[in-house]
Amino acid sequence: MTLYKNYTLFFVTAIVVAISGNAQQIQINQLGYGIDAPKIAAVTNMEKGSRFYLTSLNYGDTVYSGVLLPAHTDTYANQMPVQLADFSTFQQPGVYHLLVPGAQNQPIVHIQSQPFYAVGKALIKGFYYQRASMPLLPAYAGMWRREAGHPDTAVFIHSSAATAQRPVGSVIVTPGGWYDAGDYNKYIVNSGITVYTLLNAYSNFSPYFDTLHFYIPESNNTLPDLLDEVLYNLRWMLTMQDTDGGVYHKCTNAAFDGMIMPNAAMQPRYVVQKSTAATLDFAAVMAQASRIFAQWNQVLPGLSDSCKKAAIHAWQWAEGHPNIDYNQVQMNAKFKPAITTGAYGDTQLLDEWFWAAAELAITTEDAVYIHWLLQYKVPPVTIPSWNRVAALGMYSLLDNRRLLPQKLGLLADSLYRVLIQNADALLHHANGAMHTVMGQCADDFIWGSNAVAANQGIWLLHAFMLTGQRRYLNGALSNADYLLGRNASGYCYVTGFGVKSPMHPHHRPSIADGIEPPVPGLLVGGPNPGKQDGQAYPNIFPETAYTDNDKAYACNEIAINWNAPAVYLLNGLNYLATQGVWGK
Ligand code: G3I
Ligand code: 9MR
């Protein structure tokens with residue numbers, strides 16, 4: 001151990017730099033690094049060949065030092081040179097300062113065996129805070145306790161959804177489920193990918209989730225908490241199926257509520273037009289849920305079977321109605337009242353068909369779905385999002401490959417190649433300035449870009465689990481680092497975690513509850529140069545197009561389909577840490 005004697009000089013330099021306004025910031029994963037994981041920090045604009053030091057908290061001992069790596073320019077951030085401090089070989093658990101003389105900050109670095117344990121749990125608990133129709137009690141919600149809102153026990157059939165059996169003005173009971181995001185509406189399409197991702201996390205890491213508690217009202221029952229939380233939304237989804245098998249696109253107000261608490265929201269609620277996308281997403285998720293809940297038949301008798309029947313019925317409806325878009329503009333031209341909440345409209349449905357066919361084929365082994373999969377070409381498989389779901393079918397087919405009928409072998413082979421080729425492409429591009437997989441092309445920075453980072457990480461974890469190659473795991477870790485602070489804005493994007501995290505998310509309860517800290521465990525959307533909210537953002541480059549402003553819903557809202565992949569990624573990484581598989 002050598003003493004770092006120049007720290008007085010360091011402080012003086014830091015103050016001068018801070019006053020002159022140069023952005024010489026060190027960005028790290030603010031929650032920490034695994035003991036044998038890669039450990040990289042990023043620093044902007046330093047002298048070539050500068051050294052970095054890892055010291056004890058009192059600066060007394062230097063436990064590690066090294067030279068910053070040669071600079072790369074950060075194309076999508078501020079065009080400034082970025083140098084990396086790589087201290088991966090340092091493997092002593094503890095809490096340290098990272099010092100780079102001349103930098104404005106001296107972040108505290110945690111090195112520990114499971115750095116994502118707490119945030120992983122909080123991200124699941126985030127779903128509990130989104131529950132509609134029930135009060136959040138202090139025992140579970142602490143200072144974020146609140147009254148029940150949106151009972152949804154008398155929801156109107158919107159004129160776009162009227163049938164002889166359910167005419168305009170009639171009501172249905174469709175309580176529960178999660179609020180979608182910062183708004184209080186409930187959308188089937190977005191629930192689809194969200195529930196899928198959580199259930200896929202459960203099935204990939206079940207030994208981990210079987211014993212993980214995060215204190216919800218159902219924690220005392222025999223079901224794992226994660227499944228209890230998913231059930232809260234799944235049961236709501238089941239109520240959204242019409243008697244003919246079709247599924248209403250959403251349960252919604254006509255217009256967004258104001259910035260009020262859920263119990264203050266009194267506008268009428270509607271279920272609107274059934275759509276093919278919602279119905280296929282529903283079919284896929286119900287078929288998947290049927291498999292998972294089959295293991296819990298004793299505790300939840302009949303549930304698995306009900307899910308399977310609902311899935312088959314939905315598929316049959318979709319076969320009869322293969323192209324019913326949810327086009328809100330056209331709908332509003334014909335039906336009243338006009339509906340102006342989120343549209344989640346999608347006109348390209350081949351991926352939804354593929355996903356539903358895949359889940360139904362695995363669950364039922366019925367020739368109808370196997371035939372569908374054999375007849376059609378695999379649609380382009382992209383990083384998943386609410387409107388691009390082919391990858392979800394791919395994950396399920398590969399996860400269940402051993403159970404698949406032989407006929408699907410060639411399809412599974414080609415999907416395996418797609419998964420590995422794309423994983424390699426993600427890694428190939430990961431040598432950019434901050435050395436994260438996220439952010440190597442401008443298209444990564446869309447509305448909800450943080451979910452792109454998390455979903456890239458999930459893709460890489462699937463590649464790791466299929467091949468055992470650690471480079472894929474390290475790629476996934478790099479995106480965990482991105483989400484938790486090693487990024488151009490320097491934010492840890494999960495509320496309540498890290499030293500710099502969003503305090504003003506576009507989230508109605510967090511805005512209206514009068515409590516300073518926002519509801520914790522929520523991932524904000526992240527940098528989005530589209531700035532569709534019309535707010536002023538301080539920076540113009542894609543990776544820095546973020547502002548912690550509660551009106552900036554295009555970058556600072558929270559949403560269930562963004563939390564879910566973060567749940568998968570950070571808990572999956574944590575599970576793998578407990579299995580001792582991290583490392584260079
Ligand atoms: O699909 C096109 C693509 O072809 C084109 O290249 C690209 C160029 O910008 O745009 C793509 O469309 C985007 C679409 O998302 C699909 O990614 C739109 O620009 C973009 O505005 C749209 O954003 C969606 C936003 O709602 C507005 O509709 C977000 O993905 C979606 O997450 C967000 O969801 C909202 C709900 O409506 C309401 N509840 C809150 C939730 C989160 O903000
Ligand atoms: O709060 C709404 C948020 O959930 C949506 O993602 C966003 C885009 O549809 O719209 C927000 O609502 C705003 C509306 O679109 C325009 N008027 C102001 C509303 C609150 O900021």
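Let us look at the structure shown here. Only a predicted model underlies this, so the values are computations on that prediction, with no experimental measurement involved.

It is worth spelling out the site of ligand 1 at this point. Around ligand 1 lies a shell formed by Asp180, Ala181, Asp183, Tyr187, Gly342, Tyr344, Trp386, Asn387, Trp447, Gln532, Glu557 and Trp562. In the model, an oxygen atom of ligand 1 is placed 3.2 Å from a nitrogen or oxygen of the Tyr344 side chain. One of the side-chain nitrogen or oxygen atoms of Trp386 is found 2.9 Å away from an oxygen atom of ligand 1. Protein chains bury 55% of the 780 Å² of accessible surface belonging to ligand 1 in isolation. When its residues are assigned to classes, the shell around ligand 1 shows 6 nonpolar, 3 polar and 3 charged.

Pairing within the open sheet is antiparallel, and its 4 strands lie in the order 1-3-7-6. Because the sheet does not close on itself, it has two edges, and the strands there are strand 1 (26-27) and strand 6 (72-73). Where strand 1 and strand 3 (residues 40-44) come together, 2 bridges link them in antiparallel fashion. By the bridge assignment for strand 3, Gln27 is matched with Ala42.

The environment of ligand 2 is made up of Asp183, Phe256, Met259, Trp447, His506, Arg508, Tyr553 and Glu557. For ligand 2, an oxygen atom lies 2.6 Å from a polar atom in the side chain of His506. Glu557 is positioned with one of its side-chain polar atoms (N or O) 2.6 Å from an oxygen atom of ligand 2. Surface burial for ligand 2 is 61%, taken as the share of its 450 Å² of free accessible area covered by protein chains. Assessed atom by atom at 2 Å from the grid points, ligand 2 resides in the largest pocket. Per-class residue counts for the shell around ligand 2 are 4 nonpolar, 1 polar and 3 charged.

Along the chain, Lys336 connects to Pro337 via a cis peptide bond; the corresponding omega equals -5°. In this structure, Pro337 sits in the loop between helix 9 (328-334) and helix 10 (350-364). Backbone geometry at His150 places phi at a positive 45°, although glycine is not the residue there. Relative to the elements of secondary structure, His150 occurs in the loop between helix 3 (138-141) and strand 10 (155-157).

What counts and how
- Residues numbered from 1 in each chain as written.
- Chains lettered and ligands numbered in written order.
- Predicted model: local features only at pLDDT ≥ 70, side-chain atom pairs only at ≥ 80, totals over all residues.
- Heavy atoms only, no water.
- Near = heavy atom within 4 Å.
- Polar contact = N/O pair within 3.5 Å; in protein donor to acceptor, adjacent residues only side chain to side chain.
- Areas by Shrake-Rupley, 256 points an atom, 1.4 Å probe, with all protein chains shown as cover.
- Nonpolar A, V, L, I, M, F, W, Y, C, P; charged D, E, K, R; others polar.
- Pairing = 2+ DSSP bridges.
- Helix = DSSP H or I, 4+ residues; strand = E, 2+ residues; numbered from the N terminus.
- 1 Å grid on protein atoms, 1.4 Å probe; cavity = no way out; pocket = protein on both sides within 12 Å on 5 of 7 lines; lining within 4 Å.
- Sits in = over half its atoms within 2 Å of the grid points.

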